[in-house]
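Listed here are the chains, written in short residue letters.
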Amino acid sequence: MIDKTKAQKRKLLVIDDEPEIGAFIRDVAYEMDYDAVATHRPDHFEQLYSDNLDVIVLDLVMPERDGVELLRVIANLGSNASIILISGYDKGVLHSAQKLASEQGLHVVGTLTKPIRYSDLEDLLGSIVFTDKDALLEISSFVELPTEEELHNAFRNDELEPFFQPKINFSNNSLAGVEALIRWNHPERGLLGADIIIPLAEAAGLMDMLSTEVLQQSFKRTSQWLNEGLKTNIAINMAPCNFKDLNLPEWIADNINKYGLGTDQITLEVTETTLMQELIKSLDILTRLRMKKVKLSIDDFGTGYSSLVQLHRIPFSEMKIDQSFVMRATTDKEALAIVKMTILLGHELGMAVVAEGIEDQATWELLTKLGCDIAQGYFIAKPMPGCDIVDWDNKRVRS
Ligand code: C2E
Ligand code: MG
Ligand code: MG
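Conventions we followed
Residues numbered from 1 in each chain as written. Chains lettered and ligands numbered in written order. Predicted model: local features only at pLDDT ≥ 70, side-chain atom pairs only at ≥ 80, totals over all residues. Heavy atoms only, no water. Donors = N, O, S within 2.8 Å, 3.2 Å for Na, K, Ca; no water. Buried < 20%, exposed > 50% of the residue type's maximum accessible area, 1.4 Å probe, protein only. Helix = DSSP H or I, 4+ residues; strand = E, 2+ residues; numbered from the N terminus. Polar contact = N/O pair within 3.5 Å; in protein donor to acceptor, adjacent residues only side chain to side chain. Contact = heavy atoms within 4.5 Å. Expected span 1.5 Å × (residues − 1). Arc of directions from axis to C-beta. Near = heavy atom within 4 Å. Areas by Shrake-Rupley, 256 points an atom, 1.4 Å probe, with all protein chains shown as cover. 1 Å grid on protein atoms, 1.4 Å probe; cavity = no way out; pocket = protein on both sides within 12 Å on 5 of 7 lines; lining within 4 Å. Sits in = over half its atoms within 2 Å of the grid points. Nonpolar A, V, L, I, M, F, W, Y, C, P; charged D, E, K, R; others polar.

## Things to note about the coordination of the magnesium ion (ligand 3)
Now for step 1: Protein ligation of the magnesium ion (ligand 3) involves D299 (OD), D300 (OD) and E356 (OE), the donor distances falling in the range 1.8 to 2.6 Å.
Now for step 2: Motif for the magnesium ion (ligand 3), donor spacing along one chain: D-D-x55-E.
Now for step 3: A separation of 4.2 Å is found between the magnesium ion (ligand 3) and the magnesium ion (ligand 2), which are bridged by D299.
Now for step 4: Its relative accessible area of 23% is what places D300 among the partly exposed residues.

## Brief notes about the coordination of the magnesium ion (ligand 2)
Now for step 1: Binding of the magnesium ion (ligand 2) to the protein goes through E179 (OE), N237 (OD1), E269 (OE) and D299 (OD), at separations of 2.0 to 2.3 Å.
Now for step 2: The motif formed by the donor residues of the magnesium ion (ligand 2), counted along the single chain, is E-x57-N-x31-E-x29-D.

## A closer look at the side chain of D16
Now for step 1: Its location among the elements puts D16 in the loop between β1 (10-15) and α1 (19-31).
Now for step 2: The class for D16 is buried, based on a relative accessible area of 0%.
Now for step 3: Among the polar contacts made by the side chain of D16, one reaches the main-chain amide nitrogen of E18 at a distance of 2.9 Å.
Now for step 4: Setting aside anything within four residues of it in sequence, one finds D16 in contact with I21, G22, T39, H40, D59, M62, I86 and K114.

## What to know about α1
Now for step 1: Across its 13 residues, α1 extends 18 Å between first and last C-alpha, which sits within 8% of the 18 Å expected from 1.5 Å per residue.
Now for step 2: If you check which residues of α1 are buried, you get I21, G22, I25, V28 and A29. All buried residues of α1 project into a common sector of 130 degrees when viewed along the axis, lining one side. Residues of α1 that are exposed and angled more than 90 degrees away from the buried face: E20, Y30 and E31.
Now for step 3: Looking at the buried side of α1, the elements it contacts are β1, β2 (34-39), β3 (55-59), β4 (82-87) and α5 (118-127).

## Details of the site of ligand 1
Now for step 1: Around ligand 1 sit 23 residues in total, of which N237, D299, Q323, E359 and Y378 are the nearest.
Now for step 2: At 2.9 Å from an oxygen atom of ligand 1 is found a side-chain nitrogen or oxygen belonging to E179.
Now for step 3: The side chain of E359 places a nitrogen or oxygen atom 2.6 Å from a nitrogen atom of ligand 1.
Now for step 4: Compared with its free state, where it exposes 800 Å², ligand 1 has 82% of that area covered by protein.
Now for step 5: Judged by the fraction of its atoms near the pocket grid, ligand 1 is located in the largest pocket.
Now for step 6: Looking at the shell around ligand 1, the elements that each hand over two or more residues are β7 (175-186), α8 (194-203), α9 (207-227), β11 (295-301) and α14 (323-328).
Now for step 7: The dominant element in the shell around ligand 1, judged by the number of residues it contributes, is β7, at 4 residues.
Now for step 8: Across the shell around ligand 1, the residue classes tally to 11 nonpolar, 5 polar and 7 charged.

Below, the structure is given as C-alpha cells:
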C-alpha cells in the first residue's frame, strides 16, 4: 500500500492542447513544490493517469478530445483528485462544466479563464485543501451519523429546538423578522444542524412531525417575545409533505389565535422544489393562507425550476435570493447579474426581496446599492436560541 506522507510531493497533471500554456502551469506548480507533468495530447491522458494524482488541470476546449469527455473518463476512473478547469471561453461554459463534473461526483476546486494570470493560478494552487484519504476513512468510521431511533428519542425527550436568525431592513436597520432553523441538542454529540436533521427526518418519514414541532415552538416563542415587548415576524421553512394536508391554513390560523399573534407575524417559506412536488394542493393551500394574511416567501430563489407564470400564480409576498448567488455577487459577474435581475423581478411582482448569506461589509454595501429590501447572514448574526433574540435586538438598537 502506498503511504502518502507529508514529505511526499503532491502530484499534478495538466492537459492543455496549447503546449506553452501547459508548460506555464507545470512550471508554476513545480515552483510550488508539486511533482508536475504537462501534456498537450489529450489522447495520452490514460497513459499519464494514476490513482494517486492529487490535482488534474484540464482545458475544456481541445480539438481532438474535449475536456467534457475527459471529465467523464476521470469520473469513471473513480478519481479523487482535485480538478481545475480552464477555458478560453466565457465563464458560463466553465460554470456548466463545473456543475456537470460535480454531478458526476468529481471535486472541482476552481476554474480559470485564459489568459491565465500567474497570481490567480498561484492563489488557486495554494488554496487547495488536501484531505489525507486514510485520515478521512478513520474520521468517517468514527463519526457515525445519528440513527432514526435517536431522532425518535429526540422528539420524546424535547431535544429538538429551532434557533432563530435575525433579518434586517436595509433602509433603516430595523429588525424585519427572524427565520426559524431547526437544531438538535443531542445528549452525546452536542448541537447538530439542519444538514443532519432534515435528511434523517426525511428518511424516517418524520418531516411532518418535525414541521409541527417547529411551528408550535415558533408560535410559542413569538408570543413570549410579544410579552417581552418585541413584536416581530417569524419565518418557518415548509417541507413538501406539509402540503398534503388541505387543513393546514385552518390549523395555522387556529394556532395564531391561540397564541394571541397577528397573522402578519407569520411567514411560511417554500422552495421552488417543494412547490413542484404538490403543485395543485400547494396552490390551494397557499392561496387560502394568503387570504388569511399569512405571508408567503419563496426560498432559495434561482436554484429551482419555477416558471415566471407559476411565480405570478402564487401569491408570494417575499422572494429570497439564494445564498450561492449572494455570496459570489462581489466577485462573480454572472452571480451579480442574477442578483440584480432577481431584485428587479421581485419588485416588479410586488414582493419584498431578501438576500441571504451576507457574510461581509462589501456584500452588504453592494446589496444596499442594488435596492434589496432585507438582509440575512452571518454578517448580521448567526442563528441563535430563542431566549437570546430580545437581548440581541436591544443591544443592537442601543449601540
Ligand atoms: P434555508 O431556509 O435557505 O436557511 C438558510 C441557511 O443558511 C441556514 O442554514 C442558515 O444558518 C444559513 N446561513 C444564513 N446566513 C448565512 C451566512 O451568512 N453564511 C452561511 N455560510 N450560511 C448562512 P441551516 O440552519 O443549516 O439550514 C439549512 C436548510 O435546512 C435551510 O435552508 C432549510 O432549507 C432547511 N431547514 C432548516 N430548518 C428547517 C425546518 O425547521 N424545517 C424544514 N422543512 N427545513 C429546515
Ligand atoms: Mg429558509
Ligand atoms: Mg435559503
